[in-house]
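Structure assessment
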Amino acid sequence: MATAGGLYVHKDTGAPSGRNDYTTLVIVHGYVWHGGIFAKIIPLAPAYGVRIILLNRREYPGAVPYTAEERALIPPVPDKPRTDEREIRSAAQMLQTFMRDRAYELYQALQALVTERDIPPGSRSVSETGGIVLVGWSMGATWMTALLSYVREFRDGGVDHSNYIRRVALWDPPSWLLGYPFPEKDWYDPLHDTSLSYEERGQAFTKWITAYFAHGETLDEFKQRTPLRDPPSTIAAMTKEEFETTVHVPPGLPHGSDWSVLYGCFQLGVYDNLRKGALYLTNAENEWSHVEVRYVWGDHSVWEVPYAAQLLREEVAEAKKCGKPIRNVTTLRVKGANHFGQWDLPEPTLQAFLVGAEKCDV
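Our next topic: the overall build of the protein. What the protein contains, in helices and strands, is 12 helices and seven strands. For the protein, the C-alpha radius of gyration of 19 Å lies close to 21 Å, the compact-globule estimate for 362 residues. The C-alpha extent of the protein, read off along each of the three principal axes, is 55 × 50 × 45 Å. Counting every position in the protein, which comprises 362 residues, the buried fraction comes to 56%. Residue pairs at least 24 apart in sequence account for 81% of intrachain contacts in the protein once pairs closer than 6 positions are excluded. Total accessible area computed for the protein in this model is approximately 15700 Å², and 51% of it derives from carbon and sulfur atoms. Of the side-chain charges in the protein, 37 are positive and 45 negative, and the distance between the mean point of each set is 2 Å.

Okay, structure coming up:
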């Protein structure tokens with residue numbers, strides 16, 4: 001059954017036995033792969049004394065499809081880049097509105113989870129018990145940056161979310177999903193390979209994003225094209241049944257909702273706006289100024305992930321140097337993990353969401 005906001009609870013482990021101060025992990029999936037891709041962390045919940053709730057976004061199994069009016073806010077992806085400034089501004093505003101609406105429905109879903117499932121509030125003491133750690137994986141991180149950008153505009157509706165949300169984790173989004181520009185030259189991402197058709201890009205991307213890469217510590221040392229032979233890619237090691245129970249392709253097909261949002265936010269600069277809105281504070285009420293934003297990344301993921309960690313650290317350092325009001329932003333490396341750490345390395349990935357900020361890289 002869909003929650004308020006139209007999202008679907010794919011799985012809820014329930015309250016840990018004998019605990020009333022437990023932490024609740026609410027996880028939002030990414031592109032094409034739905035909440036089922038987090039199935040391997042579910043059995044770990046009792047050992048860590050946590051509750052895990054997996055949400056499926058709109059257009060994914062169990063969730064409410066977008067209405068025609070909602071879909072109309074997603075601008076079509078043109079074959080060639082737009083050049084008319086008025087058209088660009090109009091399309092960007094439509095997509096910003098679309099993402100604000102997605103942020104609000106996630107806000108509503110969190111409110112429903114708190115009230116209907118008796119989730120305990122968080123403690124801001126050193127022990128950091130109770131409350132919610134909200135996780136957005138890959139494209140799901142866009143839902144996190146949208147929520148943080150627009151939360152100041154939302155009414156509580158009977159629940160003071162600031163008493164519940166302790167941390168928002170961005171799990172392994174590539175750099176361009178945070179609005180960072182690509183390097184000036186010599187970069188590769190199959191989704192942006194114009195020598196391929198959109199269908200071919202999707203096929204190449206699936207093999208690429210599920211692989212393992214051995215990176216150095218600088219951009220020049222990041223491996224962009226050639227993955228490791230061992231370990232094999234996540235998808236190569238999956239059974240047919242595992243693949244079929246974790247994937248829902250239609251939103252990611254050309255002109256599907258996720259496909260159009262993915263390319264549209266990139267082309268129109270929406271990802272950049274959402275990142276800045278999420279990171280920087282405005283002294284407005286109800287903007288969750290105490291909430292930690294944690295970039296969790298696998299160091300064997302695609303090159304855009306360590307690149308994002310690098311750029312984010314640099315941006316935060318510069319903001320602090322200039323005295324800009326910025327959230328508490330941390331980064332945490334999951335050693336040995338690729339983009340699918342929750343499947344291949346579930347325990348270290350779960351730990352990365354839960355440990356205190358003192359364990360982080362920054």
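So, about the sheet that holds strand β5 (residues 165-171). Taking strand neighbours across the sheet as the criterion, the seven strands line up as β1-β3-β2-β4-β5-β6-β7 in an open arrangement whose pairing is mixed. Pairing within the sheet leaves two strands with one partner each, and these edge strands are β1 (8-12) and β7 (328-334). Here the average twist between neighbouring strands, direction ignored, is 25 degrees. Relative to strand β6 (residues 292-298), β5 is paired through five bridges, and the arrangement is parallel. For Trp171, the partnering residue across the bridge sits in β6 and is Val296.

Next up on the list: the pairing of strand β2 (residues 23-28). With six of its six residues buried, β2 lies for the most part within the structure. Burial along β2 is two-sided: the residues Thr23, Leu25 and Ile27 and Thr24, Val26 and Val28 are all buried. Across five bridges, the pairing between β2 and strand β4 (residues 132-137) is parallel. Within β4, the residue paired with Val28 across the bridge is Gly136.

Attention shifts here to unusual backbone geometry. The omega torsion across Asp230 and Pro231 is 5 degrees, close enough to zero to call that bond cis. Mapping Pro231 onto the fold places it in the loop between α5 (198-209) and α6 (234-237). One non-glycine residue, Val32, lies in positive phi territory at about 75 degrees. Tracing the sequence through the fold places Val32 in the loop between β2 and α1 (45-48). Even without being a glycine, Trp288 presents a positive backbone phi close to 55 degrees. Relative to the helices and strands, Trp288 is located in the loop between α9 (270-279) and β6. With relative accessibility at 2%, the residue Trp288 sits in the buried group.

This part takes up the packing of aromatic side chains. Counted under the stated rule, the structure contains 21 aromatic pairs. Consider the rings of Trp137 and Phe340, whose centres lie 5.1 Å apart with planes at 75 degrees: the pair is edge-to-face. Of this pair, Trp137 sits in strand β4 while Phe340 sits in the loop between β7 and α11 (341-344), and the two are 203 residues apart along the sequence. Taken together, the ring pairs in this structure connect Trp176, Phe182, Trp187, Phe266, Tyr271, Trp303 and Tyr307 into an aromatic cluster. Directly above the ring of Tyr188 sits Arg225, whose terminal nitrogen or CZ lies 4.0 Å from the centroid. The residue whose ring lies beneath Arg275 is Tyr180, and the NZ or CZ to ring-centre distance is 4.2 Å.

Helix length check: helix α3 (residues 85-116) (32 residues) gives 46 Å between terminal C-alpha atoms against 46 Å at 1.5 Å per residue, within 8%. Measuring from the backbone nitrogen of Arg86 back to the side-chain oxygen at the start of α3 gives 3.1 Å, which picks out Asp84 as the cap. Asp118 lies just past α3 and shows a positive phi near 55 degrees.

Moving on, we come to the side chain of Asp193. Note on placement: Asp193 falls in the loop between β5 and α5. In this structure, Asp193 is buried with no salt-bridge partner, the nearest side chain bearing the opposite charge being Arg225 at 5.7 Å. Once residues within four sequence positions are removed from consideration, Asp193 is found in contact with Tyr188 and Arg201.

What follows is about α5. Helix length check: α5 (12 residues) gives 16 Å between terminal C-alpha atoms against 16 Å at 1.5 Å per residue, within 8%. Taken residue by residue, α5 has Arg201, Phe205, Trp208 and Ile209 as its buried positions. In a view along the axis of α5, the buried residues occupy a sector of 80 degrees, so they form one face of it. Exposed residues pointing more than 90 degrees away from the buried face of α5 are listed as Gln203 and Lys207. Close packing links the buried residues of α5 with α8 (257-267) and α10 (304-321).

Conventions adopted
- Residues numbered from 1 in each chain as written.
- Predicted model: local features only at pLDDT ≥ 70, side-chain atom pairs only at ≥ 80, totals over all residues.
- Heavy atoms only, no water.
- Helix = DSSP H or I, 4+ residues; strand = E, 2+ residues; numbered from the N terminus.
- Rg over C-alpha atoms; globule rule 2.2 N^0.38 Å.
- Buried < 20%, exposed > 50% of the residue type's maximum accessible area, 1.4 Å probe, protein only.
- Contact = heavy atoms within 4.5 Å.
- Areas by Shrake-Rupley, 256 points an atom, 1.4 Å probe, with all protein chains shown as cover.
- Lys, Arg positive; Asp, Glu negative; His and termini not counted.
- Charge placed at Lys NZ, Arg CZ, Asp CG, Glu CD.
- Pairing = 2+ DSSP bridges.
- Axes fitted to C-alpha atoms, helices over the stretch in contact; angles between N-to-C directions.
- Phe/Tyr/Trp six-rings, centres within 6.5 Å; stacked < 30°, edge-to-face > 60°.
- Lys NZ or Arg CZ within 6 Å of the ring centre and 35° of its normal.
- Expected span 1.5 Å × (residues − 1).
- Polar contact = N/O pair within 3.5 Å; in protein donor to acceptor, adjacent residues only side chain to side chain.
- Salt bridge = Lys/Arg side-chain N within 4 Å of Asp/Glu carboxyl O.
- Arc of directions from axis to C-beta.

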